[in-house]
Amino acid sequence: MRATACIAVLAVGLLLGGCFNTGAKHRPIVDGSDPEEYEADLAECQGLARQREHMNEDVKLETAKSAAVGGVLGAVAEGVPGAIAGAVVGAGGGAVQGAQMTVHERKSIVIRCMAGRGHKVLESTWF
């Protein structure tokens with residue numbers, strides 16, 4: 001069970017590391033914008049999106065809730081060792097889910113910002 005927990009923690013670390021630079025780098029598809037104006041507005045909108053930190057309160061709460069559920073389920077199945085492993089795996093899953101939400105939020109910020117600056121954005125903010 002320890003090996004599984006260690007592998008899960010390593011996998012979560014790799015997944016989260018890959019997510020940290022996404023979302024805010026999104027380049028929305030627009031129709032009819034001046035290329036120079038588009039690039040200037042995009043840089044500012046991407047900067048605004050980066051203000052939404054990946055390890056925000058929502059992600060921390062999701063991680064804690066998932067760790068608690070995983071710990072309880074692990075304890076029921078295998079006692080204390082299962083509780084520890086369950087909490088670790090649950091926390092990892094919660095962190096990944098929270099990071100995914102933040103990536104979508106960052107993309108949405110870029111899209112809404114560009115639309116707010118007068119660009120005809122052809123994408124939805126719903127993912």
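Quick caveat: nothing in here was measured; it's all calculated off a predicted structure. (Residues numbered from 1 in each chain as written. Predicted model: local features only at pLDDT ≥ 70, side-chain atom pairs only at ≥ 80, totals over all residues. Heavy atoms only, no water.)

Student: Just to check I follow, could you spell out the overall build of the protein for this structure?
Tutor: On a plain count of helices and strands, the protein comes out with three helices and two strands. When its helices and strands are written in sequence order, the protein yields α-β-α-α-β. The 127 residues of the protein split such that 35% are buried. Long-range pairs, those at least 24 residues apart, make up 73% of the contacts in the protein between residues at least 6 apart in sequence. Summed over all atoms, the accessible surface of the protein reaches about 7,600 Å², with 63% contributed by carbon and sulfur. (Helix = DSSP H or I, 4+ residues; strand = E, 2+ residues; numbered from the N terminus. Buried < 20%, exposed > 50% of the residue type's maximum accessible area, 1.4 Å probe, protein only. Contact = heavy atoms within 4.5 Å. Areas by Shrake-Rupley, 256 points an atom, 1.4 Å probe, with all protein chains shown as cover.)

Student: Is there a simple way to think about the nonpolar core in this case?
Tutor: Within the largest apolar cluster, 10 residues are counted, these being Ala-24, Tyr-38, Leu-42, Cys-45, Ala-49, Val-110, Ile-111, Cys-113, Met-114 and Val-121. Mapped by element, the contributors of at least two residues to this core are α2 (35-49) and α3 (57-116). With near-sequence residues (within four places) excluded, Val-110 lies in contact with Gly-23, Ala-24, His-26, Pro-28, Leu-42, Cys-45, Gln-46 and Ala-49. (Core = buried A, V, L, I, M, F, W, Y, C linked by side-chain atoms within 4.5 Å.)

Student: Help me out: how do you make sense of the state of the cysteines in this one?
Tutor: Here is the idea: a disulfide is a covalent bond, and it sits between the sulfur atoms of two cysteines. The final tally for this structure, using the stated rule, is one disulfide. Paired by a disulfide, Cys-45 and Cys-113 hold their sulfur atoms 2.1 Å apart. Because the torsion about its S-S bond is -70°, the bridge between Cys-45 and Cys-113 counts as left-handed. Placement of the pair is Cys-45 in helix α2 and Cys-113 in helix α3, with a sequence separation of 68 residues. A residue is classified by how much of its surface remains accessible, and Cys-45, at 0% relative accessible area, is buried. Residue Cys-113 is classed as buried on the basis of its relative accessible area of 12%. (Disulfide = S-S within 2.5 Å.)

Student: Before we go on, may I ask you to explain the side chain of His-119 in this structure?
Tutor: You can see His-119 is positioned in the loop between α3 and β2 (120-121). We classify His-119 as buried; its relative accessible area is 6%. Side-chain polar atoms of His-119 contact the side chain of Asp-41, separated by 2.7 Å. Sequence-distant contacts of His-119, that is, excluding residues within four places in its chain, are made with Val-30, Ser-33, Glu-37, Tyr-38, Asp-41 and Met-114. (Polar contact = N/O pair within 3.5 Å; in protein donor to acceptor, adjacent residues only side chain to side chain.)

Student: Hey, could you run me through the environment of Ala-91 in this one?
Tutor: Within the secondary structure, Ala-91 is located in helix α3. Taking the C-alpha atoms as reference, Ala-91 lies 7.6 Å from Gly-70; in sequence the two are 21 residues apart. In this structure, Ala-91 is in contact with Thr-63, Ser-66 and Ala-67, ignoring residues within four places of it in sequence.

Student: Where do I start with the pattern of salt bridges in this structure?
Tutor: Where charged atoms from two side chains of opposite charge come close, those side chains can pair. The tally for this structure, following the rule as stated, stands at four salt bridges. Between Glu-39 and Arg-27 there is a salt bridge, and its shortest N-O distance comes to 2.5 Å. Here Glu-39, found in helix α2, pairs with Arg-27, found in the loop between α1 (2-19) and β1 (30-31); they are 12 residues apart in sequence, far enough to count as distant. Of the charged contacts in the structure, one is a salt bridge between Glu-44 and Arg-117, with a shortest N-O distance of 2.4 Å. Remark: Arg-117 occurs in the loop between α3 and β2 and Glu-44 occurs in helix α2; sequence separation between them is 73 residues. By relative accessible area, which is 32% here, Arg-117 ends up partly exposed. (Salt bridge = Lys/Arg side-chain N within 4 Å of Asp/Glu carboxyl O.)

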